[in-house]
Amino acid sequence: MPQSLQIFLDIATEAALSGGAVLQNYWGKLEDIQEKGRPGDLVTEADKAAEKAILEVLHRHVPDHPILAEESGKLEGLAGDYLWAIDPLDGTTNYAHQYPFVAVSIGLLIDGVPQVGVVYDPIRQELFRAAKGLGATCNRRPIKVSQTDDLSKSLLVTGFAYDRRQTPDTNYAEFAHLTHLTQGVRRDGAAALDLAYVACGRLDGYWERGLSIWDMAAGIVLVQEAGGQVTAYDRSPFQLSSGRVLATNSKIHDSLSQALLQVGSKARNLIE
Ligand code: IPD
Ligand code: CA
Ligand code: CA
């Protein structure tokens, strides 16, 4: 199995670099920016062209594998144990504003479990790669999560989903609480790259709700293979379908989980 994972990792890399080249070409030259439905949920010609380039690579190498791609939806294949989860441009809002924090995210689920992940930042030209049992790298050098073991000394990151105007579960209370307890909480606007930054130790932990499979699949392999921990907020096993993730360097995992649950119970008390 590791040998075939290496092959899939190389295919994912080729696809991510191909999508990344498209994003480099459109950078600063966007003409078509549209809202997809929910306020602030944008799509541009760069998202669509990057996805096309990625799909071309996957169709060439693994024509029978099903693909779930953000802009095309689910493209059925035959090999049911596999699912490629593609975000051709994670951080579209950043991209549209030329805020340089964007990525291509390519994950491969085998039997429903993310096992291969590539996240490519085409602006900094940083290529994060991981496969189960094969470790994690950035630009081919091994990466590890940070050693921070005290929540009060940690630097975290989170995000706010596009449904934030329609749900009471906004993540604003969690953001305020953790900002108070830590050295800071960043909101950088690209979930896949947030996870990659936890994997390489620039950030100590990340949580978010309202995510899609293509936002998380690649990044969680990076964090796990770099020595971190990925669970639900309450430390129960992570479920991709929940849209919620808690990913840390593992050393602050329990304290960050407790802090998030405290916010949840306070909010429930206010409602009851
Ligand atoms: C979004 C980004 C953002 C997160 C949103 C995602 P997109 O992806 O990852 O950081 O907060 O929930 O939808 O729309 O830029 O691909
Ligand atoms: Ca995304
Ligand atoms: Ca996207």
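From a predicted model like this one, the values you see are computed outputs, not experimental measurements.

1. Examining helix α5 (residues 191–199)
Owing to its 3.6 residues per turn, the α-helix brings residues three or four apart onto one side. Of all nine residues in α5, nine are buried, a share of seventy percent or more. The complete set of buried residues in α5 reads A191, A192, L193, D194, L195, A196, Y197, V198 and A199.

2. What to know about the coordination of the calcium ion (ligand 3)
Only E70 (OE), D87 (OD) and L89 (O) from the protein coordinate the calcium ion (ligand 3), and they sit 2.2 to 2.4 Å from it. In the primary structure, the donors to the calcium ion (ligand 3) are separated according to the pattern E-x16-D-x1-L. A separation of 3.8 Å is found between the calcium ion (ligand 3) and the calcium ion (ligand 2), both of which receive a donor from D87. You can see E70 sitting in the loop between β3 (67–69) and β4 (73–75) and its partner D87 sitting in strand β5 (residues 82–90), a full 17 residues away along the chain.

3. Observations concerning the coordination of the calcium ion (ligand 2)
Within the protein, the atoms that donate to the calcium ion (ligand 2) are D87 (OD), D90 (OD) and D215 (OD), at distances of 2.1 to 2.3 Å. Along the chain, the residues that donate to the calcium ion (ligand 2) are spaced as D-x2-D-x124-D. Take D87: its relative accessible area is 1%, and that puts it in the buried class.

4. Some remarks on the sheet that holds strand β10 (residues 141–142)
Strand order in the open sheet made by the eight strands is β4-β3-β5-β6-β7-β8-β9-β10, with mixed pairing throughout. Edge strands, defined here as strands with exactly one partner in the open sheet, are β4 and β10. Looking at chain direction, β3 and β4 are connected through three bridges and run antiparallel. Paired with L68 across the bridge in β4 is K74. Where helix α2 (residues 45–61) meets the sheet, its contacts fall on β3, β4, β5 and β6 (103–110), and the angle it forms with β5 comes to roughly 150 degrees. The strands touched by helix α6 (residues 213–225) within the sheet are β3, β5, β6, β7 (113–121), β8 (126–131) and β9 (135–138), with β7 carrying the most contacts at an inclination of about 95 degrees.

Conventions we followed
- Residues numbered from 1 in each chain as written.
- Chains lettered and ligands numbered in written order.
- Predicted model: local features only at pLDDT ≥ 70, side-chain atom pairs only at ≥ 80, totals over all residues.
- Heavy atoms only, no water.
- Buried < 20%, exposed > 50% of the residue type's maximum accessible area, 1.4 Å probe, protein only.
- Helix = DSSP H or I, 4+ residues; strand = E, 2+ residues; numbered from the N terminus.
- Donors = N, O, S within 2.8 Å, 3.2 Å for Na, K, Ca; no water.
- Pairing = 2+ DSSP bridges.
- Contact = heavy atoms within 4.5 Å.
- Axes fitted to C-alpha atoms, helices over the stretch in contact; angles between N-to-C directions.

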